[in-house]
Amino acid sequence: MTQTIERLTLTGQGQLPDGTLLDRVLPGEEVEVQPDGSARIITPVVDRVKPPCRHFKSCGGCALQHASDGFVGEWKKTVVERALAARGLPFPFRSLHTSPPQSRRRARLSGRRTKKGAMVGFHAKASDALIEIPDCQLLMPSIMAGFPAFEALTVIAASRKSEVNLTVTDTLGGLDVLVETERELTGPLRIELAALAEVHDLARLAWNDDVVVTRKDPQQQFGTTRVAPPSGAFLQATREGEAAMVHSVLGAVTGAGRIVDLFSGAGTFTLPLAQGASVHAVEGDSELLQALDRGWRHGQHLRPVTTEVRDLFRRPLEPDELNRFDLALLDPPRAGAEAQVRAIAASDLRRVVMVSCNPVTFARDVQTLTEAGFVLDQLDVIDQFRWSPHIEVVGELSRP
Ligand SMILES: C[S@@+](CC[C@H](N)C(=O)[O-])C[C@H]1O[C@@H](n2cnc3c(N)ncnc32)[C@H](O)[C@@H]1O
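All values reported here derive from a predicted model rather than from experimental measurement.

1. Considerations on the packing of aromatic side chains
The geometry of an aromatic ring pair is captured by the separation of the ring centres together with the interplanar angle, meaning the angle of the planes. The tally for this structure, following the rule as stated, stands at 3 aromatic pairs. When the ring of F91 is compared with that of F93, the centres are 5.8 Å apart and the planes differ by 20°; the resulting orientation is stacked. The buried category is assigned to F91, whose relative accessible area is 19%. Exposure remark for F93: the relative accessible area of 28% places this residue in the partly exposed category. Taking the centre distance of 6.0 Å and the plane angle of 55° together, the rings of F263 and F313 count as tilted. With F263 in the loop between strand 17 (258-262) and helix 6 (270-273) and F313 in the loop between strand 19 (305-309) and helix 8 (319-322), the pair connects residues that are 50 residues apart, well separated along the chain. Residue F313 is classed as partly exposed on the basis of its relative accessible area of 44%. Over the ring of F93 we find K77, and its NZ or CZ is 4.1 Å from the ring centre.

2. Focus on the nonpolar core
Formed by 42 residues in total, the largest nonpolar core has its most connected members in L84, L262, L330, I344 and L369. Mapped by element, the contributors of at least two residues to this core are helix 1 (69-85), strand 17, strand 20 (327-330), helix 9 (338-345), strand 21 (351-356), helix 10 (359-371), strand 22 (375-383) and strand 23 (392-398). The leading source of residues in this core is helix 1, at 7 residues. If near-sequence neighbours (up to four positions away) are discounted, L262 is found in contact with V282, L312, L317, A328, L329, L330, D331, Q340 and I344.

3. Let's talk about the UniProt feature "active site" (unreviewed entry) in the chain
UniProt records the feature "active site" (unreviewed entry) at C357, using the numbering of this structure. Position of C357 among the secondary structure elements: in the loop between strand 21 and helix 10. Look at C357 and you get buried, because its relative accessible area is 19%. Those residues in contact with C357, other than ones at most four positions away along the chain, are P332, P333, R334, I391 and E392.

4. Some thoughts on the sheet that holds strand 5 (residues 30-33)
The strand order across the open sheet formed by 3 strands is 1-5-6, and the pairing between neighbours is antiparallel. Edge positions in the sheet fall to strand 1 (2-4) and strand 6 (39-43), since each of these pairs with one other strand and no more. Neighbour to neighbour, the strand axes of the sheet diverge by 40° on average, direction disregarded. As paired strands, strand 5 and strand 6 are joined by 4 bridges and run antiparallel to one another. Bridge assignment links E32 to a residue of strand 6, and that residue is R40.

5. Some details on the pattern of salt bridges
For the coordinates displayed, the defined rule picks out 22 salt bridges. We note a salt bridge from K76 to D383, for which the minimum N-O separation is 2.7 Å. Of this pair, K76 sits in helix 1 while D383 sits in strand 22, and the two are 307 residues apart along the sequence. Between E242 and R105 there is a salt bridge, and its shortest N-O distance comes to 2.4 Å.

Cut-offs used in this document
- Note on numbering: residues in each chain are counted from 1, in written sequence order.
- Residue-level local features of this predicted model are given only where pLDDT is at least 70; pairs of side-chain atoms are given and counted only at 80 or more, and the full residue set underlies all totals for whole chains, interfaces and linings.
- As a rule here, side-chain values come from all non-hydrogen atoms in the structure, and water together with hydrogens is ignored.
- Note on aromatic pairs: the rings of Phe, Tyr and Trp (six-membered ring only in Trp) are paired at centre separations within 6.5 Å, and the planes decide the class, stacked below 30 degrees, edge-to-face beyond 60, tilted for the rest.
- The classification of residues rests on relative accessible area computed with a 1.4 Å probe and restricted to protein chains. Under 20% of the type maximum is buried, over 50% is exposed, and intermediate values are partly exposed.
- Helix numbers and strand numbers start at the N terminus; a helix is a DSSP run of H or I with at least 4 residues, a strand a run of E with at least 2.
- Working rule: Lys NZ or Arg CZ, within 6 Å of ring centre, within 35 degrees of ring normal, means a charge sits over the ring.
- In these notes, a set of buried Ala, Val, Leu, Ile, Met, Phe, Trp, Tyr and Cys residues joined through side-chain atoms within 4.5 Å is what counts as a nonpolar core.
- Any pair of residues with heavy atoms lying within 4.5 Å of one another is described as a contacting pair.
- UniProt positions are given in the numbering used here, feature names are shortened, and annotations may be inferred rather than shown by experiment.
- Strands are treated as partners if at least two bridges between them are detected by DSSP.
- Convention adopted: a line fitted to C-alpha atoms gives each axis, helices being fitted over their contacting stretch, and angles between N-to-C directions are expressed from 0 to 180 degrees.
- Salt bridges are defined by distance alone: a side-chain nitrogen of Lys or Arg within 4 Å of a carboxyl oxygen of Asp or Glu.

Okay, structure coming up:
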């Protein structure tokens, strides 16, 4: 029976009128559901394109390679617009950034031992099956060139029964690799791993919570300042996406001399902001703040930066603490910043910039602010997780 795809869900799956969810389809397409639950496309829409990566059908790393960039961009905009409309909020869209192919600078890969050696890749969607990705179109070429090292590490770290996780990050010094494994780090193993890092020219190699060797500074460039975040630390997914977000944030803070950067991480926004304003960076992870502080101390021509380790879900900055600043920037995790936003609503702050990776919690938090007199003035949509359903936004809010 031929049926028509009604819409895409937030996970990028196509939905039929009876609620059935299908992968790799687009709204308006006529399909037949196959006995294995996959879709046979009967009538494609014009937005359908040939997936650029040959692994797309099997690999779970991408969900939307069958759609044109134009379609994906419009769809991501619509997801944000609908999340805001559901709360009666406007969608003052200004710009859309889409990161290019082969630009992802951080990835969490899985590795497994095989009879011949090891395989490293992404999992198939919702499956234990591991897919090798020699022609991946997502990851930076520098990460693709690191696969011999990842495989050699997997041979050491994994057993035939257990998988290992490899968090790999492209840094200014080369690849930074964190191996998460059940195998314990012993003295002889440490020597073996240090030699492996040498052979493969890794910048840094960490084994669970231990840094085995730092051969080159695993730094990132935040504005004019270089920071070496801890192994496996959060980092915006692409340099291009980060640049677009920093550009939006800097454009939104004109004239603000004292800024509080909430959920600051290792200083992605703090340090570019510190080129023109004094910044108080607040974050729950002390190692990230130590890295930020070290970067600031080595930076040049920066205004004062202070740091504070604080759980902003349990102990948000109170209104009297917020009133010391001209503007608050927030970049919370997916759960949003409910408690912190309530405190901002009750403060005297008149300018807020919100960065978010979840349109649903973003809309909830914006609503709290608009109920306290704020207006969402403009919004930039950032697609740095290309070909995935993830969306980032930067919103600028003010109140008279
Ligand atoms: C989306 S990241 C943004 C980090 C930074 N702004 C950046 O762009 O690199 C969210 C940050 O919130 C921090 N975080 C998560 N839960 C927190 C909490 N309850 N209190 C304070 N910080 C928290 C994480 O450690 C992480 O650095």
